[in-house]
Amino acid sequence: MSGALRAVEPPTLPAPAAAVQTLASSRPESLWADAWKRLRRNRAAVISAAFLAWIVFTAIFAPWLPGMQDPTLQDLKLGAVPPSLAHWFGTDELGRDTFARVVYGGRISLMVGVVATLVSLIVGVSWGAVAGYRGGKTDELMMRFVDILYSLPYIFLVILLLVFFSRSILMLFVALGLVQWLTMARIVRGQVLSLKQQTFVEAARALGAGDAAVIFRHIVPNTLGPVIVYTTLTVPAIILQEAFLSFLGLGVQPPDASWGTLVSDGARVLALFPWLVVFPGLALSLTLFCFNFLGDGLRDALDPQDRRDVL
Amino acid sequence: MSLLAFIARRVLLIIPTLWVIATLTFFLIHAAPGGPFQAERDIPAAAKEQLMRQYGLDQPLVRQYGRFLANAVRLDFGPSYKYPSRQVREIIFEALPVSAELGGWALLLAVLVGVPIGVIAAVKQNSRADYAAMGLALAGVSVPNFVLGPVLVLGLSLTLYLLPPALWQGPESRILPVLTLSTAYIAYIARLTRGGMLEVLRQDYIRTARAKGLGESVVVAKHALRLGILPVVSYIGPAAARIMMGSIVVESIFSVPGLGRYLVNAAFNRDYTLVLGEVLFYASFLMGLNLVIDIAYTRLDPRVELA
């Protein structure tokens, strides 16, 4: 539906990165080495990456960490107590340790984010690459389909899907993945459109490579930069959506709990036990913040045109 | 292409899209297990049959679909299942002003705060002010509104007793919902403005304006802003549709009787007619606004051609 806007969309990256680099340094560096160097200079991105690594580590190894309490262990006599040395983040009404619940909630939130992102990645990249490479009628048809899905009031459809059908985690993946691949398809298509004109593609074809080989062996790897950046930004988007659905009671179902469910449960007893909102909310916000910072940093690092200042 | 032809073409595209949405939603709802009167399962069979007949649910699905389409064209979605005495249309038109007011204020606040922040950050690129503004903007994008809302309530209502924690009565009850709703938009608009301005400030016509001896504030406010704000303009279309149709989360946190809250309740209650009406209404609203934005775009940037 963006027919009129096409003229001012930022131009897709024209030159392969290698050309830019031979100008910049005497010893040619690979795009990745160069990007890595630029990323390391970005302090905010490095701190974000380190923090995320710590969160992911804690989430994965939670059951084996020393001193980690059982998030399902109830202590009804204790009830809800504010943060203390014994319970860093306090406990909930059932006497469950909030710190353990936040860590285990992170397991679910991160898993949903990563798995749904992978789904959107596979579908989006394939769809966009085929549409862009084929061009013509195929492209028109495939992208029109994307346009129509785009204009669906998607959040309503997700709610409908989850209310009317089973609220399983599988349905959650389907519902979340349903949307996220659209933008990915558009990005990849735009990249492919400009890449397929280039001589290395012609060379591959001249050597007798079939369409599938050209697309997935030669073109897709060259779209990796923008794809990586967008993927980094998709994970927090999906975590946020899962939390939003869980907040409405549609996402992760008990006994499982994600950060969204924790915030939602905590919001109900906000006046009495504020720590039940504050800590899960903080964990969720910080994680999203770091993903966004890292995504921004990666965009700056991977974009050979050095658009570090442009959103 | 003339403006009229452009509008006509776009409207012709909107109609089949709406049809696809209507069809998809209709069959999705009817494919779902469980009927709308499940809550009243222990009512006598005869009464249930009577209910089904009253709403035409005993008819074959294709007949129901045909009738639904014919009525939808006339904006008639029938009575709500949950509130049988009320028409879906009535409910929508009653809730819309509430959502629109909440969304309108939030959007206004977002533009009034976000654009200046973005402009300042762009003009003072890579300065401390720039980093601070963009760090804050990223934080604003990252804190979900269902976290921000309760935290604001906790601080401003439950601790300081400054503002009412919920409900939609009196002007001061507007402040917290509007603030909660607009934060993410402020942040995003600031980022968009900065990006747009940076791209524009490098261009030749800006150098020309400076070379003519114009003051920096004139260059920025009159020459650069007009194009630099384009990304914000194209963002505002869908944002306005989303924000005016009611924020589901903000409306439920603060008990605001808007469209978003009705939609969630309707879905939970399996209120078929209300859900269908809301979805279609939202979709047309969204596409209509996008059309308006595309037209506004051409007014701001004469290089864009209608296509």
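On a predicted model such as this, the values are computed, not experimentally measured, just so you know. (Residues numbered from 1 in each chain as written. Chains lettered and ligands numbered in written order. Predicted model: local features only at pLDDT ≥ 70, side-chain atom pairs only at ≥ 80, totals over all residues. Heavy atoms only, no water.)

### Structural notes on the overall build of chain B
To keep things clear, this is the line we draw: Elements are defined by DSSP. Helices are runs of H or I of four residues or more, strands are runs of E of two residues or more, and each kind is numbered from the N terminus. Burial classes follow relative accessibility: with a 1.4 Å probe on protein chains only, a residue under 20% of its type's maximum area counts as buried, one over 50% as exposed, and anything between as partly exposed. Between two residues, a contact is recorded if the distance between any of their heavy atoms is within 4.5 Å. We get accessible surface area from the Shrake-Rupley algorithm with a probe of 1.4 Å; when it comes to residues, only the shown protein chains can shield them.
If you tally the helices and strands in chain B, you get 13 helices and zero strands. The burial tally for chain B puts 48% of its 307 residues in the buried class. Residue pairs at least 24 apart in sequence account for 76% of intrachain contacts in chain B once pairs closer than 6 positions are excluded. For chain B, the accessible surface area stands at approximately 14,500 Å², while carbon and sulfur atoms represent 65% of it.

### Regarding the overall build of chain A
For chain A, the helix and strand inventory stands at 12 helices and zero strands. Counting all 311 residues of chain A, 49% fall into the buried class. Long-range pairs, those at least 24 residues apart, make up 70% of the contacts in chain A with a sequence separation of at least 6. For chain A, the computed accessible surface area is about 14,600 Å², with 67% contributed by carbon and sulfur atoms.

### A word on the packing of helix H1 (residues 3-31) of chain B against helix H13 (residues 272-300) of chain B
All names here are of chain B. For clarity, the cut-off: Only the stretch in contact is used when fitting a helix axis, every axis being a line fitted to C-alpha atoms; angles between N-to-C directions are given from 0 to 180 degrees. Here is the rule for angles: anything less than 35 degrees is roughly parallel, anything more than 145 is roughly antiparallel, 65 through 115 is roughly perpendicular, and the remaining ranges are oblique. In a left-handed crossing the near helix is turned counterclockwise from the far helix by less than a right angle, and in a right-handed crossing that turn is clockwise. Residues are grouped as follows: Ala, Val, Leu, Ile, Met, Phe, Trp, Tyr, Cys and Pro are nonpolar; Asp, Glu, Lys and Arg are charged; all remaining types, including Gly, are polar.
Put simply, H1 and H13 touch, their axes get as near as 10 Å, and they point 155° apart. In terms of orientation, H1 and H13 fall into the roughly antiparallel class. As H1 runs across H13, the sense of the crossing is right-handed. Residues that form the contact of H1 with H13 fall into these classes: 19 nonpolar, five polar and three charged.

### A closer look at the side chain of Thr25(B)
Rule in force here: For this analysis, a polar contact is any N or O atom pair within 3.5 Å, provided that within protein one partner can donate a hydrogen and the other can accept it, and provided that sequence-adjacent residues contribute only side-chain to side-chain pairs.
Tracing the backbone through its elements, the reader meets Thr25(B) in helix H1. Overall, Thr25(B) belongs to the buried group, its relative accessible area being 1%. A polar side-chain atom of Thr25(B) sits 2.5 Å from the main-chain carbonyl oxygen of Ile21(B). Here Thr25(B) is in contact with Leu157(A), Leu160(A), Leu276(B) and Val279(B), once residues within four sequence places are set aside.

### A closer look at helix H6 (residues 145-159) of chain B
Residues and elements named next belong to chain B. Here is the rule: The length a helix should cover is 1.5 Å for every residue beyond the first.
With 15 residues, H6 ought to run about 21 Å at 1.5 Å a step, and its terminal C-alpha atoms sit 20 Å apart, in line with that. Those residues of H6 that fall on the buried side of the exposure criterion are Phe 146, Val 147, Leu 148, Gly 149, Pro 150, Leu 152, Val 153, Leu 154 and Ser 157. One or two positions beyond H6, positive phi appears at Tyr 161, with a value near 55°.

### Remarks on unusual backbone geometry
All names here are of chain B. Even without being glycine, Asn 126 reaches a positive phi, approximately 65°. Tracing the backbone through its elements, the reader meets Asn 126 in the loop between helix H4 (88-123) and helix H5 (128-142). Asn 126 sits in the partly exposed class, given a relative accessible area of 38%. A positive phi angle is found at Ser 255, which is not glycine, with a value near 50°. For Ser 255, the location among the structural elements is in the loop between helix H11 (248-253) and helix H12 (259-268).

### Re a nonpolar patch on the surface
As a reminder of what qualifies: Nonpolar side chains (Val, Leu, Ile, Met, Phe, Trp, Tyr) are joined into patches within 5 Å and like charges within 9 Å, using only residues with over 30% relative accessible area and no salt bridge. We define a salt bridge as a side-chain nitrogen of Lys or Arg found within 4 Å of a carboxyl oxygen belonging to Asp or Glu.
Among the surface-exposed residues, Val56(A), Phe57(A), Ile60(A), Phe61(A) and Trp64(A) lie close enough to one another that they form a single nonpolar patch of about 530 Å² accessible area. Checked against the element boundaries, Val56(A) lands in helix H3 (residues 43-61).

### Considerations on the pattern of salt bridges
If you walk through the whole model with that rule in mind, you get seven salt bridges over all chains. For Asp139(A), the salt bridge is made with Arg189(A), and the minimal N-O distance between the two is 2.7 Å. In this pair, Asp139(A) is assigned in helix H5 (residues 136-151) and Arg189(A) in helix H7 (residues 169-195), connecting sequence segments 50 residues apart. In this structure Asp139(A) comes out as buried when scored by relative accessible area, which is 8%. The salt bridge involving Asp204(B) is made with Arg207(B); its shortest N-O contact spans 3.5 Å. Of this pair, Asp204(B) and Arg207(B) both sit in helix H8 (residues 204-211), separated by three residues, roughly a single helical turn. By the burial criterion, Asp204(B) is exposed, and Arg207(B) matches it.

### As for the packing of aromatic side chains
Residues and elements named next belong to chain B. The test is simple: Each Phe, Tyr or Trp ring (for Trp, its six-membered ring) is paired with any other whose centre lies within 6.5 Å, and the angle between the two planes then decides the class: stacked below 30 degrees, edge-to-face above 60, tilted in between.
Under the counting rule described, the total for this entry stands at 15 aromatic pairs over all chains. For the pair Phe 93 and Phe 281, a centre-to-centre distance of 6.1 Å together with 85° between the ring planes defines the contact as edge-to-face. Linking Phe 93 in helix H4 with Phe 281 in helix H13, this pair joins segments that are 188 residues apart in sequence. Summarising the aromatic geometry, the rings of Phe 281 and Phe 285 are spaced 6.0 Å apart at their centres and angled 25° between planes, so their arrangement reads as stacked. With Phe 281 and Phe 285 both in helix H13, this residue pair falls four residues apart, about one helical turn. Judged by its relative accessible area of 18%, Phe 281 falls in the buried class. One aromatic cluster in this structure is built from Phe 26, Phe 27, Tyr 65 and Phe 68.

### With respect to the confidence of the model for chain A
Low-pLDDT portions of the prediction should not be read for the details of their coordinates. Residues and elements named next belong to chain A. For clarity, the threshold we go by: One number per residue, pLDDT, summarises how confident the predictor is, and it ranges from 0 to 100.
Model confidence for chain A is summarised by a mean pLDDT of 77, while 84% of its residues fall at 70 or above. Put simply, helix H1 (residues 17-24) is where chain A has its lowest mean pLDDT, 47, and H3 is where it has its highest, 88. Segment residues 306-311 is flagged for pLDDT under 50; beyond a separation of four residues in sequence, or across chains, it makes 20 contacts in the model.

### Some thoughts on the confidence of the model for chain B
All names here are of chain B. Chain-level pLDDT for chain B is 80 on average; 93% of the residues reach the 70-or-more range. Confidence, read as mean pLDDT per element, is least for helix H2 (residues 45-54) in chain B (72) and greatest for H4 (88). Across the predicted assembly, pTM comes out at 0.77 and ipTM at 0.73.

### Considerations on the environment of Val233(B)
With respect to the helices and strands, Val233(B) occurs in helix H10 (residues 230-244). Residues contacting Val233(B), with those up to four places away along its chain left out, are Ile293(B), Tyr297(B) and Leu300(B).

### Points about the nonpolar core
The criterion, for reference: Buried Ala, Val, Leu, Ile, Met, Phe, Trp, Tyr and Cys residues form a nonpolar core when they are joined through side-chain atoms within 4.5 Å.
Judged by nonpolar contacts, the single largest core of 134 residues is most densely connected at Ile159(A), Leu245(A), Leu248(A), Leu284(A), Phe68(B) and Phe146(B). Among all residues touching Phe146(B), those that are not within four sequence positions of it are Leu240(A), Ala243(A), Phe244(A), Phe247(A), Val263(A), Leu284(A), Val249(B) and Ile253(B). Core analysis: the second largest hydrophobic core is formed by 15 residues, Met184(A), Val188(A), Val214(A) and Ile215(A) among them.

### A word on the environment of Asp256(A)
Residue and element names in this part refer to chain A. By the secondary structure assignment, Asp 256 is in the loop between helix H10 (224-247) and helix H11 (259-268). Judged by relative accessible area, which is 39%, Asp 256 ranks as partly exposed. For the pair Asp 256 and Leu 176, spaced 80 residues apart in the sequence, the C-alpha separation amounts to 18 Å.

### As for the environment of Ile243(B)
Residues and elements named next belong to chain B. With respect to the helices, strands and loops of the structure, Ile 243 is situated in helix H10. In this structure Ile 243 comes out as buried when scored by relative accessible area, which is 2%. Every residue in contact with Ile 243, bar those within four places of it in the chain, is listed here: Ser 99, Gly 103, Ala 106, Leu 107, Leu 181 and Tyr 185.

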